[in-house]
Amino acid sequence: MLPVPVAELKPNTYAYESQPMVKATGFREYDARWLFEKEINLMGIQALGMGIATLMHERGTRPDIVVAHDFRGYSASIKMALISGLMAGGVRVHDIGLALSPMAYFAQFALDVPAVAMVTASHNDNGWTGVKMGIDRPLTFGPDEMGRLKEIVLTASFREGTGSSYRFVEGFPERYIADLTDRPKLSRPIRVVAACGNGTAGAFAPRVLEAIGAEVIPLDCELDHTFPRYNPNPEDMKMLHALRDKVLETGAEVGLGFDGDGDRCGVVDDEGEEIFADKVGVMLARDLSALHPGARFVVDVKSTGLFNTDPVLLGNGAVTEYWKTGHSYMKRRVNEIGALVGFEKSGHYFFNAPIGRGYDDGLVSALTILDMLDRNPDKTMADLRRALPKTWGSPTMSPHCADEIKYEVVERVIARFKAMHEKGEPLAGHPITDLVTVNGVRVSCEDGTWGLVRASSNKPELVVVIESPASDARLREMFKAVDAILRENPEVGAYNQTL
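Residues numbered from 1 in each chain as written. Predicted model: local features only at pLDDT ≥ 70, side-chain atom pairs only at ≥ 80, totals over all residues. Heavy atoms only, no water.

Caption draft 1: Local environment of the pairing of strand β9 (residues 254-258). In terms of residue burial, β9 counts as a mostly covered element, since five of its five residues are buried. Neither face of β9 is left uncovered, since the one carrying V254, L256 and F258 and the one carrying G255 and G257 both have all their residues buried. Bridge count between strand β7 (residues 191-195) and β9: four bridges; the pairing is parallel. By the bridge assignment, V192 is partnered in β9 with V254. Note that β9 and strand β10 (residues 265-269) share five bridges and pair antiparallel. Counterpart to F258 in the pairing with β10 is C265. Between β9 and β10, which pair antiparallel one after the other, the connecting turn spans six residues, and G262 there sits at a positive phi close to 75°. (Buried < 20%, exposed > 50% of the residue type's maximum accessible area, 1.4 Å probe, protein only. Helix = DSSP H or I, 4+ residues; strand = E, 2+ residues; numbered from the N terminus. Pairing = 2+ DSSP bridges.)

Caption draft 2: Region of interest: the side chain of S444. Relative to the helices and strands, S444 is located in strand β18 (residues 441-445). A relative accessible area of 14% places S444 in the buried class. Excluding residues within four positions of it along the chain, S444 makes contact with P431, I432, T433, D434, T449 and W450. (Contact = heavy atoms within 4.5 Å.)

Caption draft 3: Highlighting the nonpolar core. I96, L209, L256, F258, F343, L370 and M381 are the most contacted members of the largest nonpolar core, which has 77 residues in total. Broken down by element, this core gets its largest block of residues, eight residues, from helix α12 (residues 362-375). Ranked by size, the runner-up nonpolar core spans 38 residues in total, among them A32, Y74, L149 and V153. (Core = buried A, V, L, I, M, F, W, Y, C linked by side-chain atoms within 4.5 Å.)

Caption draft 4: Broad picture of the layout of surface pockets. Quantified by volume, the second largest pocket comes out at close to 440 Å³. Looking at the second largest pocket, it is lined by 21 residues, and the ones nearest its centre are P354, I355, G356, V364 and T368. Of all the secondary structure elements, the ones that give two or more residues to the lining of the second largest pocket are α5 (172-181), α8 (277-291) and α12. It is α12 that contributes the most residues to the lining of the second largest pocket, five residues altogether. The residue makeup of the lining of the second largest pocket, split by class, is 12 nonpolar, three polar and six charged. (1 Å grid on protein atoms, 1.4 Å probe; cavity = no way out; pocket = protein on both sides within 12 Å on 5 of 7 lines; lining within 4 Å. Points joined across faces, edges and corners; volume = space filled by probe spheres on them. Nonpolar A, V, L, I, M, F, W, Y, C, P; charged D, E, K, R; others polar.)

Caption draft 5: Structural context of the pattern of salt bridges. What the rule picks out here adds up to 42 salt bridges. Two residues, D31 and R33, come together in a salt bridge whose shortest N-O distance is 3.2 Å. Residue D31 is classed as buried on the basis of its relative accessible area of 5%. Residue R33 is classed as buried on the basis of its relative accessible area of 11%. Ionic pairing is found between D287 and R375, a salt bridge with its closest N-O pair at 2.6 Å. In this pair, D287 is assigned in helix α8 and R375 in helix α12, connecting sequence segments 88 residues apart. Given a relative accessible area of 38%, R375 falls into the partly exposed group. Each of R62, D64, R92, D112 and R137 takes part in salt bridges that share partners, so that together they form one network. (Salt bridge = Lys/Arg side-chain N within 4 Å of Asp/Glu carboxyl O.)

What follows is the structure in structure tokens.
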């Protein structure tokens, strides 16, 4: 087996080539991310593979796993190191090669394999690597699995296995593309800019969109792992501005931008306006709830309040639950309650049957957006955006709060709001009507104005978001009231940005 990993080794030394290096901070809540060669080496990746295999045996998962890698200069070698660790742990490996994360998730169903390990740094800068993992399709790891995996790897508590095997699944991308495109074509050739930031999606997104009848204008779809123009991240302003410019230059009906591993899709409308992912979610929920009356949706607590107040959604009988921020939490909740779709403000969308299989796929999101446009031939994407009720929203604001105390501070804030609610005490001059406490506290008033306070998952900060459907003045009143309650806690510091 392998020695116990160490946190730091100097490259270009005997020790670096002879010991596994794994920095503990790489184990995140939902996946693993490291700076390759600085925080993890290839032997460390082997240790990770052995840890995944050990966890599969502990959980009684059939020892078969899909593996794949994204388009970076070092991802294939990292995948092979991971495979060697998985095989040492007695796992049968099904390698689908270069792939999008959702293609690997699809392979779990298409190949009838319970587990997945996708080598990807998603939208992170070059130099980063990581693995998105799951052993219970369509779910990926949450904090419990990641905590146990971290313990196994860092203590080298590996279980040696037998019966391992390796096979390369030739031509698998064609099966994925066929699955997405085995459907009716669009009734008209919608003109769409597909931006891929020279990332992995460039090999697949234009083909899929063209196959369903779209007129595709590719933007940075040539694979180039140096990412010469910008990172493939649809929340990155450079990518969004490039997408906007191309939409306006070509007169496209919509711009769709895909992240590095293809599980998110950003949107720019025909007027060059970026539409934030939660508002796109409301537009899709309107469209889908008309087809599926009484549909259930799950959204994360940072998302717009329109999911609960929009008259079209209410008229269609749609029911929405606000849930914990984080794609693993969201994916799990969508599947637990059988929701039609889960929408996360970051852009991860989780479509259940009959649209998807419960996992996040940026191409499924893109197809659903094009279907919405196809069903509304008399409306542009900008028209659909303008049809939403007006809201005033804050940026995500993060006051400093030490990691050691931030969760305790949030508990105090929750208790304070609960006491106000029980006593009938108003907040910013309006009665409190609802408290959602699944992830910090989201406090809502009778006019629909709400404020969120939660602890950041990965920084010494709190997260504060405010939205009002009433006015900019109400937005600012609510922020002032929420901030006043935060200031009752001396541990809360200055904001990174504010209203």
